[in-house]
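Residues per chain are reported as follows:
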Amino acid sequence: MGSSWKRLGKYLWETQILGSVQSTLYWDQNTSMPFRGASWRGEQLSLLARQLHSRQSSIEYGNLIEDARAEFENQRQKGNLVPAQVEEHGRNLYLLEQDFRRQKSLDSELVSDLASAKSEGYSLWQQARKKSDFSIFVPALQKLIQLRQEEARQLSEPRSCWETLAQPFEPDITLVRIKELFNPLRKRLPELLSEVRELNERRPLNGWDLSENDQQNLCNELLNEWGREDGITSIARSPHPFSTTLGPCDFRLTTRIVKGQPFSCFLATAHEWGHSLYEQGLPCQSHHWFGWPLGKATSMSVHESQSLFWENRVARSMAFSERWWKRFANVGAPINCSEELWRLMNPLIPGLTRVEADELSYGLHILIRTDLEIALLEQGLEVEALPSEWNLRYKELIGITPGNDKEGCLQDVHWSEGLFGYFPSYLLGHLISAQLAESMNKDFEDHSNASSTIDGLIENGKESTLLDWLRNNVHCHGRQLNAEQLVQKVTEKRLSSEPFLKYLENKVKNLMALP
């Protein structure tokens with residue numbers, strides 16, 4: 001490709017740098033910024049948001065895309081591009097044109113107002129959560145909902161408000177498809193929870209804990225075994241664990257230690273490292289692709305599938321407990337064998353907190369949040385009624401009721417940042433992870449032997465082989481495909497809830513069989 005393509009690439013590169021400055025400020029806000037710095041941080045983020053929007057919707061940028069498109073079509077017609085280049089460059093241009101149309105549709109004042117509202121919302125959410133008082137957060141949430149509804153109106157896409165806001169996280173998702181995938185879970189998950197209640201009554205878990213230092217040391221051991229490079233990674237603590245990429249060689253993750261929950265930090269670290277491994281495996285790590293659409297994640301559900309694979313399919317597996325139980329015992333965990341660690345890693349006890357939820361009830365947490373944000377955006381649910389609606393749905397679907405706002409509707413950070421349409425990606429990630437794991441196992445069984453199944457590789461400390469498979473089959477695609485297309489390509493099947501339910505049913509059966 002010629003000079004037009006290079007000029008566009010330089011422009012995208014500079015935009016990516018500006019975006020990474022914004023992400024760095026967000027990282028600091030969540031990890032070390034003093035509380036009273038929130039107002040000024042809001043000003044900083046608002047200014048950056050305006051500058052980014054200006055770059056992504058400017059006449060100059062539109063002309064660069066048009067020139068690159070003309071150059072691409074000229075080279076393609078002359079036969080100067082191989083098929084792979086035609087596919088890659090064409091897809092990059094299509095996604096840039098799509099994103100440009102969306103940015104052009106948004107008023108710069110709305111973009112600035114959203115940035116300020118998100119910063120204010122996060123600050124008020126922290127205060128409300130600390131005091132367990134939802135009323136503190138109500139005005140900020142009302143404002144964020146109004147601004148996001150206005151965003152959907154300005155985008156004016158042939159979708160509902162919620163569907164429009166979900167597109168950046170889950171391209172091409174629809175409410176019809178969400179219901180199709182989630183309805184079997186809405187029916188079967190409560191049934192599985194009922195089946196394990198007897199198990200929990202028969203084997204009550206005694207309260208115990210590990211020191212913060214021991215938990216951190218175990219997390220460091222895990223990251224070192226799973227390929228952490230100190231020169232490109234950094235770890236901090238935050239109220240809500242997350243992972244972010246600040247540059248081609250700058251990967252950050254946070255975790256938290258929860259008193260009385262000795263596995264929380266360990267499993268959160270496994271989860272966030274799964275996100276980071278995905279980011280590290282994307283095509284964006286070459287200079288050429290960093291900034292281009294194909295160098296970015298396929299979707300948030302695919303992102304979640306990677307974190308969930310490492311947290312649930314690996315760290316919560318019996319094979320992993322075989323290798324790790326003595327390490328936990330050596331720092332004071334009251335366990336005497338791998339079966340005991342495995343049971344403790346998989347309590348299957350319904351709880352109030354999503355991020356601490358077991359694999360059975362996690363999906364129900366997401367169903368509740370998805371229903372409520374659709375109700376807030378499209379069905380007229382008043383913000384003031386959110387705590388009571390939240391508590392009612394928890395009682396109906398999971399059988400428990402939050403004792404206060406902190407345990408209930410204030411537990412998640414997402415709505416404080418205006419991230420409506422994000423939650424379903426978590427549950428879609430469970431479905432994708434299970435279906436990919438099924439395909440991975442089949443590949444290993446077809447080309448090797450039983451010791452090279454997922455569990456066999458984990459038991460022998462060969463998780464790097466699992467990562468290689470993910471690098472070659474999942475990470476390499478970036479935004480070349482959407483989530484459902486990727487699943488179809490890798491597994492040769494349409495995405496379904498069946499593999500996930502089959503995985504859960506098998507786990508319940510094996511846990512029930514333990515003495």
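Residues numbered from 1 in each chain as written. Predicted model: local features only at pLDDT ≥ 70, side-chain atom pairs only at ≥ 80, totals over all residues. Heavy atoms only, no water.

Trainee: Please provide a residue-by-residue account of the overall build of the chain, values included.
Mentor: Helix and strand counts for the chain come out as 20 helices and three strands. A compact globule built from 515 residues would reach a C-alpha radius of gyration of about 24 Å, and the chain, at 23 Å, matches this within 12%. Its C-alpha atoms put the chain at 70 × 60 × 45 Å along the principal axes. The burial tally for the chain puts 56% of its 515 residues in the buried class. (Helix = DSSP H or I, 4+ residues; strand = E, 2+ residues; numbered from the N terminus. Rg over C-alpha atoms; globule rule 2.2 N^0.38 Å. Buried < 20%, exposed > 50% of the residue type's maximum accessible area, 1.4 Å probe, protein only.)

Trainee: Tell me what's going on with helix H12 (residues 318–330), and back it up with residues and numbers.
Mentor: For H12, with 13 residues, the first-to-last C-alpha span of 19 Å sits near the 18 Å given by 1.5 Å per residue. All buried positions along H12 are accounted for by Ala 319, Phe 320, Ser 321, Arg 323, Trp 324, Trp 325 and Phe 328. Looking at the buried side of H12, the elements it contacts are helix H9 (212–225), helix H10 (264–281), helix H11 (300–315), helix H13 (338–345), helix H17 (454–459) and helix H18 (463–473). Downstream of H12 by one or two residues, Gly 332 has phi in the positive range, about 110 degrees. (Expected span 1.5 Å × (residues − 1). Contact = heavy atoms within 4.5 Å.)

Trainee: How would you sum up the pairing of strand S2 (residues 243–247)? Please name residues and give values.
Mentor: Here S2 lies mainly inside the structure; four of its five residues are buried. Sheet analysis places S2 next to strand S3 (residues 250–255), joined by four bridges and oriented antiparallel. Bridge pairing in S3 places Thr 244 opposite Arg 252. Counting the residues between successive antiparallel strands, the hairpin from S2 to S3 contains two residues. (Pairing = 2+ DSSP bridges.)

Trainee: Give a description of the pattern of salt bridges that names residues and reports values.
Mentor: Summed over all chains, the structure comprises 31 salt bridges. Between Arg 188 and Glu 191 there is a salt bridge; the shortest N-O distance is 3.1 Å. One end of the pair, Arg 188, and the other, Glu 191, are both in helix H8 (residues 175–202), three residues apart, so they sit about a helical turn from each other. The partly exposed category is assigned to Glu 191, whose relative accessible area is 33%. Measuring nitrogen to oxygen at the nearest pair gives 2.5 Å for the salt bridge that ties Asp 250 to Arg 252. (Salt bridge = Lys/Arg side-chain N within 4 Å of Asp/Glu carboxyl O.)

Trainee: Can you tell me about H18, naming the residues and giving the values?
Mentor: Those residues of H18 not exposed but buried are Glu 463, Leu 466, Leu 467, Trp 469 and Leu 470. One face of H18 carries all of its buried residues, which in axial projection span an arc of 155 degrees. (Arc of directions from axis to C-beta.)

Trainee: Describe the packing of helix H2 (residues 38–57) against helix H4 (residues 83–105), listing the residues and the values that go with them.
Mentor: Where H2 meets H4, the closest approach of the two axes is 8 Å, and the angle between their N-to-C directions is 125 degrees. As far as their axial angle goes, H4 and H2 are oblique. Viewed along their axes, H2 and H4 form a crossing whose handedness is left-handed. Seen from H2, the contacting residues are His 53, Gln 56 and Ser 57; seen from H4, they are Phe 100, Gln 103 and Lys 104. (Axes fitted to C-alpha atoms, helices over the stretch in contact; angles between N-to-C directions. Parallel < 35°, antiparallel > 145°, perpendicular 65-115°, else oblique. Left-handed = near helix turned anticlockwise from the far one by under 90°.)

Trainee: Describe unusual backbone geometry, and please don't skip the residues or the numbers.
Mentor: Look at Ser 132: it is not a glycine, yet its phi comes out positive at around 50 degrees. When you line up the elements, Ser 132 lands in the loop between helix H5 (108–131) and helix H6 (138–155).

Trainee: Tell me what's going on with the nonpolar core, and back it up with residues and numbers.
Mentor: The nonpolar side chains of a soluble globular protein tend to be buried, and buried together. Counting 131 residues, the largest nonpolar core has Phe 328 and Leu 466 as the members making the most contacts within it. Counting residues per element, this core draws most heavily on helix H14 (residues 359–378), at 11 residues. Other than its neighbours up to four places away in sequence, Leu 466 contacts Phe 309, Trp 310, Val 314, Met 440, Phe 444, Ile 454, Leu 457 and Ile 458. Counting residues in each nonpolar core, the second largest holds 14 residues, with Leu 64, Leu 81, Leu 93 and Trp 292 among its members. (Core = buried A, V, L, I, M, F, W, Y, C linked by side-chain atoms within 4.5 Å.)

Trainee: Which residues make up the side chain of Arg 479, and what values go with them?
Mentor: Structurally, Arg 479 is set in the loop between H18 and helix H19 (483–491). For Arg 479, the contacting residues outside a window of four places in its chain are Arg 91, Leu 95, Gln 98, Asp 99, Pro 293, Leu 294, Lys 296, Ala 297 and Thr 298.

Trainee: Requested: an account of the packing of aromatic side chains, with residues and values cited.
Mentor: For the coordinates displayed, the defined rule picks out 25 aromatic pairs. Ring geometry for Phe 266 against Phe 328: centres 5.2 Å apart, planes inclined by 75 degrees, an arrangement best described as edge-to-face. On the criterion of sequence distance, the pair formed by Phe 266 in helix H10 and Phe 328 in helix H12 is long-range, its members being 62 residues apart. The exposure classification of Phe 266 matches that of Phe 328, with both residues buried. Aromatic pair Trp 415 and Phe 423: ring centres 5.8 Å apart, planes at 90 degrees, arrangement edge-to-face. Both residues of the pair, Trp 415 and Phe 423, belong to the buried class. Through a chain of ring-to-ring contacts, three or more aromatic side chains come together here, namely Phe 169, Tyr 362, Trp 390, Tyr 394, Trp 415, Phe 420, Tyr 422, Phe 423 and Tyr 426. Above the ring of Tyr 11, the side-chain terminus of Arg 55 is found at 3.9 Å from the ring centroid. Over the ring of Trp 27 we find Arg 252; its NZ or CZ atom is 5.2 Å from the centre of that ring. (Phe/Tyr/Trp six-rings, centres within 6.5 Å; stacked < 30°, edge-to-face > 60°. Lys NZ or Arg CZ within 6 Å of the ring centre and 35° of its normal.)

Trainee: Tell me about the packing of H12 against H13, and name the residues and values.
Mentor: For the pair H12 and H13, interaxial distance at closest approach is 8 Å and the crossing angle is 105 degrees. Regarding the angle of H12 to H13, the classification is roughly perpendicular. Two secondary-structure elements touch here, H12 through Met 318, Ser 321, Glu 322, Trp 324, Trp 325 and Phe 328 and H13 through Ser 338, Glu 339, Leu 341, Trp 342 and Met 345. Within the contact of H12 with H13, the residues separate by chemical class into seven nonpolar, two polar and two charged. (Nonpolar A, V, L, I, M, F, W, Y, C, P; charged D, E, K, R; others polar.)

Trainee: Can you lay out the side chain of Ser 4 for me, pointing to particular residues and giving the numbers?
Mentor: Tracing the backbone through its elements, the reader meets Ser 4 in helix H1 (residues 3–31). The buried category is assigned to Ser 4, whose relative accessible area is 10%. Those residues in contact with Ser 4 that lie beyond four places of it in its chain are Asp 67, Ala 68 and Glu 71.

Trainee: Give me the sheet that holds strand S1 (residues 233–237): which residues, what numbers.
Mentor: Taken in spatial order, the three strands make up an open sheet running S1-S3-S2, and their pairing is mixed. Bordering the open sheet on either side are S1 and S2, each of which pairs with just one other strand. Averaged over all adjacent pairs, the angle separating strand axes in this sheet is 25 degrees, with direction ignored.

Trainee: If you had to explain the environment of Glu 73 to someone new, which residues and values would you point to?
Mentor: Its location among the elements puts Glu 73 in helix H3 (residues 59–77). For the pair Glu 73 and Val 86, spaced 13 residues apart in sequence, the C-alpha separation works out to 9.2 Å. At 2.6 Å, the side chain of Glu 73 and the side chain of Arg 76 are in polar contact. (Polar contact = N/O pair within 3.5 Å; in protein donor to acceptor, adjacent residues only side chain to side chain.)

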